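Below, each chain spelled out in residue letters.
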Amino acid sequence: MVTKSRVYNWYIAMLAAGCMVLYGYDAAVFNAVQGNKHWLDWFNTPKGNLLGLVNTTYSIGAIVSGWFLAGPTADYFGRRWGMGIGCFITVIATIVQTFSPRHGLGVFIFGRVLIGIGQGMALTAGPVFIGELTPPEIRGKVMSFWQLFYSVGSFIAYWVNYACGKHSKSLGHWDWKMVVMFQMLVPLIIIAQLPFVPESPRWYIQHGDRIEDARASLRRVRDTEQEVEDELLAIREAIVFEKEVISSSYLALWKDVSVRKRMGLAFVVNIGQQLSGQGTLNSYSSLIYKQIWPSSDTINLINALNATCGILFTLNATWTVDRFGRKFLFICGAIGMATCMLIVPMIGLETPNIAVKNAAGKITGYTKTEPVGIAIVAMLFLFIFFYKPSWGATTWIWTSEIFSMNVRTQAVGMCTQMQNVAQCIFNQFFPIFYANCGLKSFFFFMTTNVCLAIFVWRLIPETKSVALEEIDVLFGGANHTEKGGDLLHVEDPHHANVGVDNVGLQEISPAASRPVAHELKI
């Protein structure tokens, strides 16, 4: 049944998911403008390593932010402030990039670093905020919109770029400046609404056991008073256990064996997302298409249609992730992507190359016929069909829900930024890899996806419909809710007595903490 509180829950989750629009837009922007003749003219036609540096500097800023800034900011000031500060930095960075002086590529690169820092902060706080305010039974469905909004960002960027490209002559250098400038639209919308949404109840409990503030937040997104009290009790139980028995600081990242295990698994999942082939296609699809179609308009249209289909394909996650589970989507997606990455190079190998000659009749390169190009594009669109609901959406869903409260924001920031670490490294040599091997380089992605399917099948546990406070059990840790209930002396750790269990600070017995200490694998 649709209730007022459930609708409001969706609204604030979609507002937070808007942070992902920043990521999707930026990934599409550089792919779009690097082939723009006015952008190239404005910055003295950067090539090779210099062009790679422009792309890589975003990742460097995001990595620094995700590892060292985003977690502490969202933990100290709150999830809303983490998103707001990230969006504000993105607005400043957009202005810096748009108004970079002629031949001032260094200024544009500085703007790219700033955008990485801002987005690193927003992309850490956003999924944590959604996970901490969303009921477990719909958490996967709601979080699937996180990846959907990445596609929305790409959709906006590519269609703005396509429209500006159609009016390139009249716009002049503003054809690329307008594409870049549109990036500040969504962060401004988010900043304007953040003061009016509730803070995470888990953050309130973590900072001084602010029960009334946490209760007020939960009442805005839960249907009944019993639901509010049950969840409030579970939050308090988990947090008191983490503070008393494990550690309330980030030292738990290294002290708790189960947390270290989760970090390792999440690192592989997030690196695998980029090495599946999607990260490279995001950055270099225009260069691949340019081998077949010389027209920038055609390439811009293909990219825009790709982004449009990405939105439709991601919607598949909304009805599958809480029905079939995260593991099912991971495995099916990896198998489908591997198949596509096998067929693409096979098309290239089994079709003739067409020589490209200059005015003097000298061969300058080779290309494919347009029907072959259409077949390759069709397979890359099919690749997106498998990627978006699985390794696109589910990677973020799974990563944001597997960590306990005491390390959640820092761990999510570090793990998700492994996407940029992988992309940063791989994008440095992919242009050379592709120049030497052509479409045969896609066999690498096929192999990676097969390995990812096996990895998930053997090592990744299912987290569907599991409460955040009880996730630790899946990875060999203690049940934080039950152990915390012992510390708070409640009768039933899973069911609160309204007006009794959450009325104030319970006295924590030192004796109650002793039996649980030996159960932690530290």
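For the structure itself, consult the block above.
Presented here is an overview of the structure given in this document. Along each chain, residues carry numbers from 1 onward, in the same order as the chain's sequence is written. Local features in this predicted model are restricted to residues whose pLDDT is 70 or higher, and side-chain atom pairs enter the listing and the counts only when it is 80 or higher, whereas totals over whole chains, interfaces and linings include all residues. Remark: hydrogens and water are excluded; side-chain values derive from all non-hydrogen atoms of the structure.

**Considering the packing of aromatic side chains**
Using the following cut-off: Only rings of Phe, Tyr and Trp enter the pairing, Trp through its six-membered ring, and a pair is recorded when the two centres are within 6.5 Å. The plane angle decides the type: under 30 degrees is stacked, over 60 is edge-to-face, the rest tilted. Numbering goes from the N terminus for both helices and strands, where a helix is a DSSP run of H or I of at least four residues and a strand is a run of E of at least two. Relative accessible area decides the class of each residue, using a 1.4 Å probe on protein chains only: under 20% of the type maximum gives buried, over 50% gives exposed, and in between gives partly exposed.
Applying the stated rule across the entire model yields 33 aromatic pairs. Aromatic pair Y23 and Y150: ring centres 5.3 Å apart, planes at 80°, arrangement edge-to-face. Taken together, the residues span a long stretch of sequence, with Y23 in helix α2 (residues 19-33) and Y150 in helix α7 (residues 139-166) at a distance of 127 residues. Assigned by exposure class, Y23 and Y150 land together as buried. Ring centres of F426 and F444 lie 5.3 Å apart, and the angle between their planes is 15°; on these two criteria the pair is classed as stacked. Here the residue F426 occupies a position in helix α20 (residues 418-437), and F444 occupies one in helix α21 (residues 442-459), the gap between them amounting to 18 residues. The exposure class assigned to F426 is buried, which follows from its relative accessible area of 5%. On the accessibility criterion, F444 (32% relative accessible area) is partly exposed. Here the aromatic residues F426, F430, F433, Y434, F442, F444 and F445 are joined through ring pairs into a cluster of three or more.

**Description of empty space enclosed by the protein**
How we decide: Residues are called lining when one of their atoms sits within 4 Å of a cavity or pocket point, these points coming from a 1 Å grid over the protein atoms alone, where a cavity is a set in which a 1.4 Å probe fits but cannot get out and a pocket is an open set with protein on both sides within 12 Å along at least five of seven lines. Grid points are joined across faces, edges and corners, and a volume is the space filled by probe spheres set on the points. All amino acids are sorted into three groups, where Ala, Val, Leu, Ile, Met, Phe, Trp, Tyr, Cys and Pro are nonpolar, Asp, Glu, Lys and Arg are charged, and the leftover types, Gly among them, are polar.
Scanning all chains against the criterion turns up three cavities of 30 Å³ or more. Y23, A27, Y150, N282 and Q423 are the residues nearest the centre of the largest cavity, which is lined by 24 residues in total. Of all the secondary structure elements, the ones that give two or more residues to the lining of the largest cavity are α2, α4 (48-76), α7, α15 (257-290), α18 (370-401) and α20. Broken down by element, the lining of the largest cavity gets its largest block of residues, six residues, from α15. Counted by class, the lining of the largest cavity contains nine nonpolar, 13 polar and two charged residues. Of the voids in this model, the second largest cavity is the one considered here, and its volume is about 190 Å³. In terms of lining residues, the second largest cavity is bounded by 17 residues, among which Y158, Q278, N282, N306 and I384 are the most central. Counting only elements with at least two residues in the lining of the second largest cavity, the list comes to α7, α15, α16 (296-320) and α18. Tallying contributions element by element places α15 first for the lining of the second largest cavity, with five residues. Within the lining of the second largest cavity, the residues separate by chemical class into seven nonpolar, nine polar and one charged.

**Regarding the side chain of Q206**
Put simply, the test is: We call two residues in contact whenever any of their non-hydrogen atoms come within 4.5 Å of each other.
Along the chain, Q206 turns up in helix α11 (residues 201-206). When residues no more than four places from it in sequence are discounted, the contact partners of Q206 are D75, I239, K243, M405 and N406.

**Brief notes about unusual backbone geometry**
Backbone geometry places N44, a non-glycine residue, at a positive phi of 60°. For N44, the location among the structural elements is in the loop between α3 (37-42) and α4. Assessed through its relative accessible area of 48%, N44 is described here as partly exposed. Backbone geometry at D209 places phi at a positive 50°, although glycine is not the residue there. Within the secondary structure, D209 sits in the loop between α11 and α12 (211-219). Exposure remark for D209: the relative accessible area of 18% places this residue in the buried category.

**Looking at the state of the cysteines**
As a reminder of what qualifies: Cysteine sulfur atoms that pair up within 2.5 Å are treated as a disulfide.
Following the criterion strictly, the structure yields zero disulfides and no others. Looking at C451, it has no disulfide partner, and the nearest cysteine sulfur is the one in C340, 17 Å off. Among the residues examined, C451 registers a relative accessible area of 47% and is labelled partly exposed.

**Description of the nonpolar core**
The condition that has to hold: We call a set of buried Ala, Val, Leu, Ile, Met, Phe, Trp, Tyr and Cys residues a nonpolar core when their side-chain atoms join them within 4.5 Å.
Counting residues in hydrophobic clusters, the biggest one holds 66 residues, and the most contacted among them are M263, I376, F383, W391, W398, F403 and F442. When residues of this core are assigned to their parent elements, the largest contribution, eleven residues, is made by α18. When near neighbours in sequence (up to four residues on either side) are disregarded, F383 contacts S276, G277, Q278, L281, M337, C340, M341 and N449. Counting 47 residues, the second largest nonpolar core, distinct from the first, contains M83, A125, F129 and L194.

**What about the pattern of salt bridges?**
Rules: When a carboxyl oxygen of Asp or Glu is within 4 Å of a side-chain nitrogen of Lys or Arg, the pair counts as a salt bridge.
In the structure shown here, the tally under the stated rule is 19 salt bridges. As a salt-bridge pair, R139 and E401 come within 2.8 Å of each other at their nearest N and O atoms. One end of the pair, R139, is in helix α7; the other, E401, is in helix α18, and 262 residues separate them in sequence. The buried category is assigned to E401, whose relative accessible area is 1%. Residues R326 and E401 are paired through a salt bridge, measuring 2.9 Å at the closest nitrogen-oxygen approach. Taken together, the residues span a long stretch of sequence, with R326 in helix α17 (residues 326-350) and E401 in helix α18 at a distance of 75 residues.

**Some remarks on the layout of surface pockets**
Estimated volume of the largest pocket: approximately 970 Å³. Forming the walls of the largest pocket are 37 residues, and the residues nearest its centre are L287, Q291, Y434, A435 and G438. For the lining of the largest pocket, the secondary structure elements donating two or more residues are α4, α15, α17, β2 (363-367) and α20. A per-element tally of the lining of the largest pocket places α20 first, with nine residues. The residue inventory of the lining of the largest pocket, partitioned by class, reads 18 nonpolar, 15 polar and four charged.

**Focus on helix α9 (residues 174-181)**
An α-helical segment advances 3.6 residues per turn. Residues three or four places apart therefore align on the same side. Listed in full, the buried residues belonging to α9 are D175, W176, K177, V179 and V180. Close packing links the buried residues of α9 with α2, α3, α5 (79-98), α6 (105-133), α7 and α8 (168-171).

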